[in-house]
Each structure stands twice: as structure tokens, then as C-alpha cells.
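Here are the chains, one letter per residue:
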Amino acid sequence: MSGSEQSEQISLFDLGGLAAAPGPVPTPPAMPPIALDRLPTDGRLPIPPGTYDNLEALFDHCRQCQRCGLAAGRTNVVVGRGLPTAPLMIIGEGPGQTEDETGLPFVGKSGQLLEKILESVRIDLANEVYICNVVRCRPPGNRAPTPEEIAACRPYLMEQIRLVNPKIILLTGATAVRGVTGRKDGITKIRGQWMDWDGRLCMPIFHPAYLLRNQSREKGSPKWLMWQDIQGVRSKLDELLGRSSSEEF
Ligand code: URA
């Protein structure tokens, strides 16, 4: 081994000698913290669980959000409404025109029907329910949101679920089921069945818009099936909250 080869070996491998060298020890560059003000603008950046201390902080971010192309067409971002500590959470697909105009989920025709369905089993929307969607901005022409749009918005939904911490989650329609659980089953096959997702009790139900298109109340019709499902939800809610079904709330 030549003299120069030997000194190269020492400089590469004799780290003990280097560490002992006098002068300041260089510190590795710190990983930059995740800049919160950058999150809304890039759908590929993760929003880690625990990012938001409360729903107000999450709302604030959503209002500035540019994580997907839907942001460009919105009038208002539609984050959620209802009781922030609700035992029942209802997740829909995405805002329609009325929701986009008002900034509130499920306030159009579908929302009015949903409210009636809940009233029919005396579930009080204002005091027991939190409502939101898999996406927070209106897809153009009321089309279903794309997988990319759902993925960009999903961290907000996960944070809403964590913060509200509901006992029961209702998933209205196949898009909500897929957006939350990843399951691709048809809604007709799985509606009314309790399922565990991420340690949470969920039930897929028909989307109210589907019921608006299917008005029959005959046994076995979508409306009749919804009536069965919502009664099951009411009973389960009573059971989980430790109250008898006849108790007023
Ligand atoms: N349909 C939905 O899925 N969500 C709304 O907010 C309104 C209609």
C-alpha cells in the first residue's frame, strides 16, 4: 500500500480520530418541522394525526385549502356542522350546489330528507349528530369525487373523526363507504350491516339522494330498508348511551 493510499484509508475509517479533532463538532442539519402554512396547498403532503387541537383550527385550514383541483371551483368550503362531541357522525359524499352556496353540508334536498329520516326515530340533528363529507368542496356538475380528490381531503376527515370521536358513524352511499373504509362493495349489498373500521362502529346506509329517486315505500323498497336501518341505529345509540328507547332526549 502506498503512503497516499494509507492516509486515505485513515481519513475514511478512523472516525475516532476525527471525533477527537479540536474545534466545533458539526451537527447534522435538523429536519425542518412540517410547516402548517404549507399543508393546505399541496395534496401530497401528509397531515399527520393530531395536527389540529380543535375543529376551529381544522376549519381555518380547510378554508385556505388548495390540496386538489376542486378548490378552484368552490364558492365555500363545506367542512361540517352539528355537535362537535356528537355520538353519531354522518358522512356523505360531497357538497352539492346548496351546500357550496351556504358552506354547510346536507342542507339541500338530500339534507332535508336526511333530517326527516333522523326525526322519524327522534334523533335530534342539532344535539346528537355531526355531519360532514368525504370531500369538502363541490365536485363540478355533482359528479362523484375522484380517488385523488378523496385522498387529498382524507386527512381532514380523519382529523374530524378523531376530534368528534363519535360512537357510531353512518356512511351514506358507496362513495362514503369507499372513501372511509376502502371497501368497494355495492351499497345494496352492505347497507344496514354494522362493520368495524379502525375500531369504530360504522353502518353503511343508502344516500338520501338515492331515496329521492326511489319514492316507493313498499316492503323491500329503498325507503322501507332505510326505515329498518335507522331504527337499528337508534337502538344501538340508545344501547351505547345507556338509555332506554322510550327515554326522551
Ligand atoms: N350530498 C352529500 O353527500 N353531501 C352533502 O353535503 C349534500 C349532498
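Residues numbered from 1 in each chain as written. Predicted model: local features only at pLDDT ≥ 70, side-chain atom pairs only at ≥ 80, totals over all residues. Heavy atoms only, no water.

*Asks:* So what's going on with the overall build of the protein? Which residues, and what values?
*Replies:* A tally of regular secondary structure across the protein gives 11 helices and six strands. Sorting the 249 residues of the protein into buried and exposed places 42% on the buried side. In the structure as shown, the protein presents an accessible area of about 13400 Å², 54% of it carried by carbon and sulfur atoms. (Helix = DSSP H or I, 4+ residues; strand = E, 2+ residues; numbered from the N terminus. Buried < 20%, exposed > 50% of the residue type's maximum accessible area, 1.4 Å probe, protein only. Areas by Shrake-Rupley, 256 points an atom, 1.4 Å probe, with all protein chains shown as cover.)

*Asks:* Please give an account of the nonpolar core that cites residues and values.
*Replies:* Side chains of nonpolar character tend, in soluble globular proteins, to be buried together. By size, the foremost hydrophobic cluster in this structure holds 57 residues, and its most contacted members are Leu88, Ile91 and Leu170. Per-element tally for this core: the top contributor is helix α7 (residues 147–164), with six residues. The residues contacting leucine 88, other than those within four sequence positions of it, are Ile123, Glu128, Val129, Tyr130, Pro166, Ile168, Leu170, Val233 and Leu237. (Core = buried A, V, L, I, M, F, W, Y, C linked by side-chain atoms within 4.5 Å. Contact = heavy atoms within 4.5 Å.)

*Asks:* Now, about the environment of alanine 209: what can you tell me, with residues and values included?
*Replies:* On the secondary structure map, alanine 209 appears in helix α10 (residues 208–213). Note: C-alpha distance between alanine 209 and serine 110 (99 residues apart in sequence) is 5.3 Å.

*Asks:* Describe the site of the ligand, naming the residues involved and giving the relevant values.
*Replies:* Around the ligand sit Gly92, Glu93, Gly94, Glu99, Pro105, Phe106, Asn133 and His207, and that is every residue in its neighbourhood. Interatomic distance of 2.7 Å between a side-chain N/O atom of asparagine 133 and a nitrogen atom of the ligand. In this structure, histidine 207 approaches the ligand through a side-chain N or O atom, which is 2.8 Å from an oxygen atom. Classifying every residue of the shell around the ligand gives two nonpolar, four polar and two charged. (Near = heavy atom within 4 Å. Polar contact = N/O pair within 3.5 Å; in protein donor to acceptor, adjacent residues only side chain to side chain. Nonpolar A, V, L, I, M, F, W, Y, C, P; charged D, E, K, R; others polar.)

*Asks:* Any details on unusual backbone geometry? Residues and values, ideally.
*Replies:* Of note, phenylalanine 106 is a non-glycine position whose phi angle comes to about 50°, a positive value. Residue position: phenylalanine 106 is located in the loop between α4 (97–102) and α5 (109–120). Positive phi values are uncommon outside glycine, yet arginine 122 reaches one of about 55°. Looking at the element boundaries, arginine 122 is found in the loop between α5 and α6 (125–128). Classification of arginine 122 as partly exposed rests on a relative accessible area of 36%.

*Asks:* Give a description of the pairing of strand β4 (residues 168–172) that names residues and reports values.
*Replies:* For β4, the tally of buried residues reaches five of five residues, placing the bulk of the element in the interior. On β4, burial covers both faces: Ile168, Leu170 and Thr172 on one face and Ile169 and Leu171 on the other are all buried. Of the pairings in the sheet, the one linking strand β2 (residues 88–92) to β4 comprises four bridges and is parallel in character. Among the inter-strand pairings, isoleucine 90 is bridged to a residue of β4, identified as leucine 170. (Pairing = 2+ DSSP bridges.)

*Asks:* If you had to explain the packing of aromatic side chains to someone new, which residues and values would you point to?
*Replies:* On inspection of all chains with the given rule, the structure shows one aromatic pair. Consider the rings of phenylalanine 206 and tyrosine 210, whose centres lie 4.9 Å apart with planes at 40°: the pair is tilted. Residue class for phenylalanine 206 comes out buried when judged on its relative accessible area of 2%. Assessed through its relative accessible area of 28%, tyrosine 210 is described here as partly exposed. (Phe/Tyr/Trp six-rings, centres within 6.5 Å; stacked < 30°, edge-to-face > 60°.)

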